[in-house]
Amino acid sequence: MIISLISQKGGVGKSALARLLAVEVTKAGWTAKIADLDPAQGTSTKWKARRDSAGLQPDVAVEKFRTVDRALKEADRYDLLILDGPAHAEQGGKVMARASDLVVMPTGYSLDDMEPQIEAAYELEEAGIDPASILFVFCRAKGSDAEDKAARSYLRKARMSVLDPVFPELASIRQGHAEGRAASEVPFTKVQEKVIEVAQEIVDQLMKRRKEAA
Ligand SMILES: Nc1ncnc2c1ncn2[C@@H]1O[C@H](COP(=O)(O)OP(=O)(O)O)[C@@H](O)[C@H]1O
Ligand SMILES: [Mg+2]
């Protein structure tokens, strides 16, 4: 199976989600690999180096790829291939999305974050991607319930599906990333529970898509 993380903007939380998903599905017994398709940043690759130096378990496979096509050759070797895309993927994003069972598009609550992401989703749809395979996830989310509600309503009007749980912006997660941890590996149970729910629901959506496509 393949999940891609796509966004128009950088810094929205694609690599954070990639790491969370990789760690959680690996813990659940799947084999998984993150394909780091953002060579300019190499966020996931550098995180993997920190994870290894810290001796953290489980071991998570991360590899840098110059092209989406090369990354896709890995898909048969893993239960889940996670395509961690660059900002402004454009053509590459379409190739990623076409190969994927689920396209996850992280966004913040602000209009500045949501608008380019909605545009990117429309472009994927125009390129023939099934709208039902596109899932928005609020990431690096910081705001009131009212703000959450307004953002959901905005995305609904744009016909976008949004994941219920949100990936909160927290200093502990930032610190965890710096130490080679995924968000679910920070030393606070409440945070762990919250982000594990995000990973679980994304996997549920992935399985649902697989069933629909079969
Ligand atoms: N939930 C979060 N809480 C705190 N910091 C986060 C969170 N998600 C991401 N970050 C931090 O924000 C920055 C950008 O996130 P990243 O996942 O690398 O975005 P992208 O891959 O979309 O460019 C990184 O420094 C990352 O550690
Ligand atoms: Mg990234």
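Note that the structure is a prediction, hence the values are computed from the model and not measured.

Reading the values: the criteria
Residues numbered from 1 in each chain as written. Chains lettered and ligands numbered in written order. Predicted model: local features only at pLDDT ≥ 70, side-chain atom pairs only at ≥ 80, totals over all residues. Heavy atoms only, no water. UniProt positions renumbered as here; feature names shortened; annotations may be inferred. Helix = DSSP H or I, 4+ residues; strand = E, 2+ residues; numbered from the N terminus. Near = heavy atom within 4 Å. Polar contact = N/O pair within 3.5 Å; in protein donor to acceptor, adjacent residues only side chain to side chain. Areas by Shrake-Rupley, 256 points an atom, 1.4 Å probe, with all protein chains shown as cover. 1 Å grid on protein atoms, 1.4 Å probe; cavity = no way out; pocket = protein on both sides within 12 Å on 5 of 7 lines; lining within 4 Å. Sits in = over half its atoms within 2 Å of the grid points. Axes fitted to C-alpha atoms, helices over the stretch in contact; angles between N-to-C directions. Parallel < 35°, antiparallel > 145°, perpendicular 65-115°, else oblique. Contact = heavy atoms within 4.5 Å. Nonpolar A, V, L, I, M, F, W, Y, C, P; charged D, E, K, R; others polar. Points joined across faces, edges and corners; volume = space filled by probe spheres on them. Patch = residues over 30% accessible without salt bridge, like charges linked within 9 Å, V, L, I, M, F, W, Y side chains within 5 Å. Salt bridge = Lys/Arg side-chain N within 4 Å of Asp/Glu carboxyl O. Lys, Arg positive; Asp, Glu negative; His and termini not counted. Charge placed at Lys NZ, Arg CZ, Asp CG, Glu CD. Core = buried A, V, L, I, M, F, W, Y, C linked by side-chain atoms within 4.5 Å. Buried < 20%, exposed > 50% of the residue type's maximum accessible area, 1.4 Å probe, protein only. Phe/Tyr/Trp six-rings, centres within 6.5 Å; stacked < 30°, edge-to-face > 60°.

1. Overview of the UniProt feature "domain: CobQ/CobB/MinD/ParA nucleotide binding" (unreviewed entry) in the chain
Within this structure's numbering, the places UniProt gives as "domain: CobQ/CobB/MinD/ParA nucleotide binding" (unreviewed entry) are residues 3–172. Summarising residues 3–172: 41% helix, 24% strand, and an end-to-end C-alpha distance of 26 Å.

2. Describing the site of ligand 1
Around ligand 1, 17 residues are found, and the nearest of them are Gly-11, Lys-14, Ala-16, Pro-168 and His-177. In this structure, Ser-15 approaches ligand 1 through a main-chain N or O atom, which is 2.9 Å from an oxygen atom. Pro-168 is positioned with one of its backbone polar atoms (N or O) 2.7 Å from a nitrogen atom of ligand 1. Protein chains shield 84% of the accessible area of ligand 1, which is 550 Å² for the free molecule. Structurally, ligand 1 is housed in the largest pocket.

3. Quick notes on the packing of helix H1 (residues 14–27) against helix H8 (residues 189–213)
As a packed pair, H1 and H8 sit with axes 10 Å apart at the nearest point and diverge in direction by 80°. As judged from the angle between their axes, H1 and H8 are roughly perpendicular. The segment H1 lies against H8, with Leu-17, Leu-20, Leu-21, Glu-24 and Val-25 engaging Val-195, Ile-196, Val-198, Ala-199, Ile-202 and Val-203. Across the contact of H1 with H8, the residue classes break down as 10 nonpolar, no polar and 1 charged.

4. Quick word on the layout of surface pockets
Of the volumes computed, that of the largest pocket is approximately 460 Å³. Lining the largest pocket are 23 residues, with Gly-11, Gly-13, Ala-16, Arg-19 and Arg-140 sitting closest to its centre. The set of elements that each furnish at least two residues to the lining of the largest pocket consists of H1, strand E4 (80–87), strand E6 (134–141), strand E8 (167–168) and helix H7 (171–178). For the lining of the largest pocket, the element with the most residues is H1, which contributes 4 residues. Considered class by class, the residues forming the lining of the largest pocket number 9 nonpolar, 8 polar and 6 charged.

5. Notes on a negative patch on the surface
A surface patch of like charges, here negative, comprises Glu-90, Asp-112, Glu-115, Glu-119, Glu-123 and Glu-126. Mapped onto the elements of the fold, Glu-123 is located in helix H5 (residues 111–126).

6. Comments concerning the nonpolar core
Ranked by size, the top nonpolar core spans 36 residues in total, and within it Leu-17, Val-137, Phe-167 and Ile-202 carry the most contacts. Only strand E1 (2–7), H1, strand E2 (32–36), E4, strand E5 (102–107), E6 and H8 provide two or more residues apiece to this core. Sorting elements by how many residues they give to this core places H1 first, with 8 residues. What Ile-202 contacts, discounting residues up to four positions off in sequence, is Ile-3, Leu-17, Leu-21, Leu-102, Val-104, Val-137 and Leu-163.

7. Some details on the packing of aromatic side chains
Summed over the entire model, instances satisfying the criterion amount to 1 aromatic pair. With 4.8 Å between their ring centres and 55° between their planes, Tyr-109 and Phe-138 make a pair best called tilted. Residue Tyr-109 is found in the loop between E5 and H5, and its partner Phe-138 is found in strand E6; the two are separated by 29 residues along the sequence. Both residues of the pair, Tyr-109 and Phe-138, count as buried.

8. Digging into the pattern of salt bridges
A side chain with one charge may pair with a side chain of the opposite charge, provided their charged atoms come close. Using the criterion set out here, one finds 16 salt bridges in the structure. In this structure, the salt-bridge partner of Arg-51 is Glu-185, at a minimum N-O distance of 2.8 Å. Here the residue Arg-51 occupies a position in helix H2 (residues 43–53), and Glu-185 occupies one in the loop between H7 and H8, the gap between them amounting to 134 residues. Arg-181 serves as the salt-bridge partner of Glu-179, at 3.2 Å between the closest nitrogen and oxygen. Shared partners join several salt bridges into a network, and the residues in it are Lys-33, Glu-63, Glu-74 and Arg-77.

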